[in-house]
Amino acid sequence: MWISVKIVLLLTISSCNGFGIPNVFAPFVESLIKNNADKKVERRSYLNEYDFIVVGSGPAGCVVANRLTENPNWNVLLIEAGTVETLIEQVPMFAPYEFLTRYNWGYVAERQPYSCFGSKDSRCGFPRGKALGGTSVIYGMLYTRGSKEDFDNWGKLGNYGWEYYETVLPAFKKSERAHLKFYHKSQFHNDTGYLSVVHNEYQTPIPKIFIDGNKAMGLDEIDYNADENIGVAYLQSNTLKGRRHSAYKSFIEPFLHRKNLHIMLNTRVSKVLIDSVTRIAYGVELIRKNRRHKIIARREVILSAGSFHSPQLLQLSGIGPREDLQRIGVPVLHDLPVGKEMYDHISFPGLLFRSNLTNPILPFLEIQNMVKVFGNFLQSKGFGTVPNGVESLAFIQTPTTNVPHPRLPNIELILLTVAPHYDNGYAVRESERMSDWLYDSVYKQLEGDTTYSFLIVISLLHPKSVGYLELKDRNIFNAPRFYSNFFKEPEDVESILEAIKYTIAMTKTKPFQDIGARLHDAPIPTCAKFGFGSDDYWRCAIRTWCVSLHHQVGTCKMGPSEDRTAIVNPELKVYGVKRLRVIDTSIIPVSTTSHTCAASYMIGEVGADMIKRDWERQSNPYIFHSN
Ligand SMILES: Cc1cc2nc3c(=O)[nH]c(=O)nc-3n(C[C@H](O)[C@H](O)[C@H](O)COP(=O)(O)OP(=O)(O)OC[C@H]3O[C@@H](n4cnc5c(N)ncnc54)[C@H](O)[C@@H]3O)c2cc1C
Ligand SMILES: *[C@@H]1O[C@H](CO)[C@@H](O)[C@H](O)[C@H]1NC(C)=O
Ligand SMILES: *[C@@H]1O[C@H](CO)[C@@H](O)[C@H](O)[C@H]1NC(C)=O
């Protein structure tokens, strides 16, 4: 049994990740696994009408579909463009490889005058999950919620009903099944929800050193998902027994027996059907197996298609900026600035440190090392279980902070114990769209090295630069255009420069010096003229080698009715239309001090409660029509 599982695994990996192991059977084996999984989820036939239609199955969509089908009197259709994950998606360390699979929409942002010069074609990658479970099937599994001040700030902007202690924290806890080593009885965690939150069992020696080094710089060790936000900690992640715990695994798979939950895969919703006179959203138009269908929603349509596709669907349904809709030829139903603000977290992954410790899984491309990693993974052990190669996080404040509240950190340091040369420039490099000239001049020289290297990635939590998106045309199959504006505001560069200085100083502390930690000082050729390590060198490096953390939010921003930039009200209802909500990360009004997946689950919980409150307190509104 184990042997056959391992063989299937190796075949599949070699097919979808192109390790170069030639095997003609691999695609066949993989499609076999996949089709069976899809069949388990889909139905032979579907209804023409549902109480609720949920478009998109990211974390928020999965939570909404789950919570609404708790009411046996309601039936729910969950529609997803992608398909079901396989065993490969569940290997936490493989997260970077997921970018290269069909589970990624694979978008790239437009070229910018301020940033991304070291990316392929000078364009930063904008990946997104396309799967049952949405981006949670390819994301990095880092579980960070953001701080109380973030949500208090939403309140200050006029968003009633999102108070931290009354609503937001209980919603985080409702989803959560925490098995955390240190915070077991904490009032901030719950251990009986559906979504697993753990500290990784397996650790390399590096995170302990990172934590001690940050402590030597004056930080405390904290639970960053409680009430302290500045400090350092071991990673909390959404894995279970060493495997990725996606929104599908946590909120859908255990509930497939519910007769009132219908799921369509491989299906693209092309617009929301809205009555132009009553302005009631009464269903969706979708494309499935090359045919167009209409399906009716008796109560509500819920867009959970994520920060790129919820705004796309709104615009294609006539809700968007008037001039943009006229340009692409969509009749204007309601003029709203959909997509005009897009917040994101930009990061600098250019600090690579080397050490004197031998890494037992290197060189990674040697077959016995790969087999060791996968074999251990199958037993829930070893480096394969480390989410995205990330083991610890630190949150700091630098002098140029820009933060909306004095208690908030402006910088997150992410400890990655993998480096681009580990697999000779395959996963990390390809997934981040690093250009060949950059890899060849900076990283290639390290190939074959068998000691631990690690990256300390610097992420800017509250950038001043804000991007936007717009539709190319009215074809649902065409990607929107993304304008990131990364580093348009020079202050954003200065904050990262300060964090670089903090990080280099930290690696001079004793815990790091004991392992011979040293900065890899091969210069980026286009910045070498400034002299490696000078302030201007780093400013150039930051603009050259920068990567989005893919936390785009705000494209269907939530706000009170007097807010001219808001798309949905604080109950997530789209302005100007009835019975249509957006429930996903696109409603987040300003960037949070966190990665955004935990927020997506939370928004799903809060949104589902709002729907229940609206519909459960009234008797069936159709009772008069039915007889
Ligand atoms: C590579 C990557 C790594 C990340 N790492 C982390 C991390 O470590 N920690 C963290 O907290 N966050 C991380 N994030 C961010 C996080 O994953 C997202 O913010 C979160 O998943 C967003 O959830 P969502 O519910 O808004 O939508 P999504 O997860 O984007 O899901 C939307 C779903 O809708 C479907 N859909 C879209 N359009 C249509 C249509 N027309 N018809 C039918 N279906 C449609 C899509 O296929 C998709 O499945 C990462 C993101 C990326 C891309
Ligand atoms: C813990 O999670 C369960 C399941 O979602 C939920 O019923 C319970 O209310 C949660 N407990 C707390 C304290 O939030
Ligand atoms: C690490 O290795 C380098 C190169 O071999 C050596 O010069 C240095 O002394 C070592 N440092 C430690 C702390 O062992």
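Predicted model only: the values in this text are computed from it and were never measured.

Taken together, the six bridges between strand 1 (residues 49-55) and strand 14 (residues 291-303) define a ladder with parallel strand orientation. Among the inter-strand pairings, Val-54 is bridged to a residue of strand 14, identified as Ile-302. Here strand 13 (residues 281-288) pairs with strand 14 via six bridges, running antiparallel. Looking across to strand 14, one finds that Val-284 is bridged to Ile-295. Following strand 13, the chain reverses through two residues before pairing antiparallel with strand 14; Lys-289 in that reversal takes a positive phi of roughly 50°. Where strand 14 and strand 26 (residues 580-582) come together, three bridges link them in parallel fashion. Looking at strand 26, one finds that Leu-303 is bridged to Val-582.

On to the site of ligand 1. Surveying the vicinity of ligand 1 reveals 37 residues, the closest of which are Glu-80, Thr-135, Thr-585, Thr-596 and Cys-597. Within the side chain of Glu-80, an N or O atom sits 2.7 Å from an oxygen atom of ligand 1. Thr-135 has a polar backbone atom sitting 2.8 Å from an oxygen atom of ligand 1. For ligand 1, the accessible surface in isolation is 1000 Å², of which the surrounding protein chains cover 98%. Taken together, the elements giving at least two residues each to the shell around ligand 1 come down to helix 3 (59-68), strand 12 (267-274), helix 9 (306-316) and helix 17 (597-616). Here the residues of the shell around ligand 1 sort into 15 nonpolar, 17 polar and five charged.

Our focus in this paragraph is unusual backbone geometry. Both trends apply: most residues other than glycine have a negative phi, and most peptide bonds are in trans. Leu-362 connects to Pro-363 through a cis peptide bond whose omega is -5°. Relative to the helices and strands, Pro-363 resides in the loop between strand 18 (352-358) and helix 11 (367-378). Even without being a glycine, Cys-116 presents a positive backbone phi close to 70°. Tracing the backbone through its elements, the reader meets Cys-116 in the loop between strand 3 (107-108) and strand 4 (125-126). The class of Cys-116 is buried, set by a relative accessible area of 2%.

A word on the site of ligand 3. Taken together, the residues surrounding ligand 3 are Asn-356, Gln-513, Asp-514 and Gly-516. Partitioned by chemical class, the residues of the shell around ligand 3 number no nonpolar, three polar and one charged.

Take the state of the cysteines next. Applying the stated criterion across every chain, the model contains two disulfides. Across a sulfur-sulfur distance of 2.0 Å, Cys-527 and Cys-540 are joined as a disulfide pair. Since a negative S-S torsion denotes a left-handed disulfide, the Cys-527-Cys-540 link at about -75° is left-handed. Of this pair, Cys-527 sits in the loop between strand 24 (518-519) and helix 16 (535-544) while Cys-540 is found in helix 16, placing the two residues 13 residues apart along the sequence. In terms of burial, Cys-527 and Cys-540 fall into one category: buried. Sequence-ordered numbering of the disulfide-bonded cysteines in the protein chain gives the connectivity 1-2, 3-4. Looking at the unpaired Cys-556, the closest cysteine sulfur is the one in Cys-597, lying at 18 Å. Here Cys-597 stays free of any disulfide, with the sulfur of Cys-62 as its closest cysteine sulfur at 10 Å. Judged by its relative accessible area of 12%, Cys-597 is buried.

Criteria and thresholds
- Residues numbered from 1 in each chain as written.
- Chains lettered and ligands numbered in written order.
- Predicted model: local features only at pLDDT ≥ 70, side-chain atom pairs only at ≥ 80, totals over all residues.
- Heavy atoms only, no water.
- Pairing = 2+ DSSP bridges.
- Helix = DSSP H or I, 4+ residues; strand = E, 2+ residues; numbered from the N terminus.
- Near = heavy atom within 4 Å.
- Polar contact = N/O pair within 3.5 Å; in protein donor to acceptor, adjacent residues only side chain to side chain.
- Areas by Shrake-Rupley, 256 points an atom, 1.4 Å probe, with all protein chains shown as cover.
- Nonpolar A, V, L, I, M, F, W, Y, C, P; charged D, E, K, R; others polar.
- Buried < 20%, exposed > 50% of the residue type's maximum accessible area, 1.4 Å probe, protein only.
- Disulfide = S-S within 2.5 Å.

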